[in-house]
Amino acid sequence: MSDYPVITISRQYGAGGRELAGILAEKLGLKLYDRQIVHIAAAKLGIDDLSEEELLEMENKVKPLSMSFIPFHSFGTHMGESSQGMFMSESAAIRKIAKDGPCIFLGRSADYALRKYDNVFSIFVCADDAYREARGKTVYDGKSLKELDREDAKRARYYNYYTGRTWGEGKNYDIVVNTSHDSLEAIADGLIAYICKVKGIQQ
């Protein structure tokens, strides 16, 4: 399994990206990193008294059309911390973990953090509105499509602000996958075959 690249997965909310990442991790025997990165970054910043929800909320502190970094004023005693610091700490954690060998990163702008690394394969997972709306009702506690889109807007704003790229734009990824019409299992198998082909890996 050491021949596999580090895989990064970004996704639209409701497209099944988290489940797809789990399937890929299981099939490839790779460790999956997601919210663990948040806790590692928080530890590096000396933040130890915030809940996971509060830590994740730091990623929503970039306002539309903001021209300066927004200080992190909302929680606890960390008046001097900012989501910029969290972003930088997360990126450093991602690079450190990636140096240890193949793994999968879900979200956390990992495609950008690892943009200068050679053995990386970046995936963006999307789906059509009908598929996402159906999953919102059955998988995401009855969330409406409007609520899913609102979460995507937060992800895009954060990503665009800190990376200077456009979230979901095809040129930023090695492949864009639409999950609307096939099973996640079949899509995972197709991705593995494609990764092996382009990376010259013998299955």
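See above for the structure.
For the structure given in this document, a descriptive report is provided here. Fair warning: this is a prediction, and the values are worked out from it, not measured in the lab. (Residues numbered from 1 in each chain as written. Predicted model: local features only at pLDDT ≥ 70, side-chain atom pairs only at ≥ 80, totals over all residues. Heavy atoms only, no water.)

Below, the discussion takes up the pattern of salt bridges. Applying the stated criterion to the full structure yields 12 salt bridges. Put simply, Glu90 and Arg108 hold a salt bridge, and the shortest N to O gap is 3.5 Å. Here Glu90, found in helix α4 (residues 83-99), pairs with Arg108, found in the loop between β3 (104-106) and α5 (110-113); they are 18 residues apart in sequence, far enough to count as distant. Owing to a relative accessible area of 2%, Glu90 belongs among the buried residues under this scheme. The closest approach of N and O atoms between Asp152 and Arg132, which form a salt bridge, is 3.1 Å. (Salt bridge = Lys/Arg side-chain N within 4 Å of Asp/Glu carboxyl O. Helix = DSSP H or I, 4+ residues; strand = E, 2+ residues; numbered from the N terminus. Buried < 20%, exposed > 50% of the residue type's maximum accessible area, 1.4 Å probe, protein only.)

In total, this model carries 10 aromatic pairs according to the counting rule given. Centre to centre, the rings of Phe87 and Tyr158 are 6.0 Å apart; their planes meet at 70 degrees, and the pair counts as edge-to-face. Taken together, the residues span a long stretch of sequence, with Phe87 in helix α4 and Tyr158 in helix α7 (residues 145-163) at a distance of 71 residues. Given a relative accessible area of 8%, Phe87 falls into the buried group. Judged by relative accessible area, which is 5%, Tyr158 ranks as buried. Arranged with centres 5.2 Å apart and planes meeting at 45 degrees, the rings of Phe124 and Tyr173 form a pair that is tilted. With Phe124 in strand β4 (residues 120-126) and Tyr173 in the loop between α7 and β5 (175-178), this pair connects stretches of sequence that are 49 residues apart. Given the relative accessible area of 8%, Tyr173 is considered buried. Aromatic ring contacts, followed pair by pair, group Phe87, Tyr112, Tyr158, Tyr161 and Tyr162 into a single cluster. The aromatic ring of Tyr112 is capped on one face by Arg115, whose charged end is 3.8 Å from the ring centroid. (Phe/Tyr/Trp six-rings, centres within 6.5 Å; stacked < 30°, edge-to-face > 60°. Lys NZ or Arg CZ within 6 Å of the ring centre and 35° of its normal.)

A word on helix α1 (residues 17-28). If you check α1, its first and last C-alpha atoms are 16 Å apart, about what 12 residues at 1.5 Å a residue would give, namely 16 Å. Of the residues making up α1, those classed as buried are Gly17, Leu20, Ala21, Ile23, Leu24, Ala25 and Leu28. Residues of α1 that are buried make contact with β1 (6-11), β2 (32-33), β3, β4 and α8 (184-199). Trailing α1 by a residue or two, Gly29 shows a phi angle of about 70 degrees, which is positive. (Expected span 1.5 Å × (residues − 1). Contact = heavy atoms within 4.5 Å.)

This part covers the packing of α1 against α8. How two helices pack is summed up by the angle between their axes together with the distance between the axes. Contact pair α1 / α8: the axes reach a minimum separation of 9 Å and the direction vectors enclose 55 degrees. Accordingly, the angle class assigned to the pair α1 and α8 is oblique. Regarding α1 and α8, the two cross each other, and that crossing is right-handed. Counting all contacts with α1, which are made through Glu19, Leu20, Ile23, Leu24, Lys27 and Leu28, the residues of α8 involved are Leu184, Glu185, Ile187, Ala188, Asp189, Leu191 and Ile192. For the contact of α1 with α8, a count of residues per class yields 9 nonpolar, no polar and 4 charged. (Axes fitted to C-alpha atoms, helices over the stretch in contact; angles between N-to-C directions. Parallel < 35°, antiparallel > 145°, perpendicular 65-115°, else oblique. Left-handed = near helix turned anticlockwise from the far one by under 90°. Nonpolar A, V, L, I, M, F, W, Y, C, P; charged D, E, K, R; others polar.)

This part is about unusual backbone geometry. You will see that Ser109, though not glycine, has its phi angle at about 55 degrees, which is positive. Residue position: Ser109 is located in the loop between β3 and α5. Judged by its relative accessible area of 7%, Ser109 is buried. Even without a glycine there, the phi angle at Asp141 is positive, about 55 degrees. Residue Asp141 is classed as exposed on the basis of its relative accessible area, which comes to 77%.

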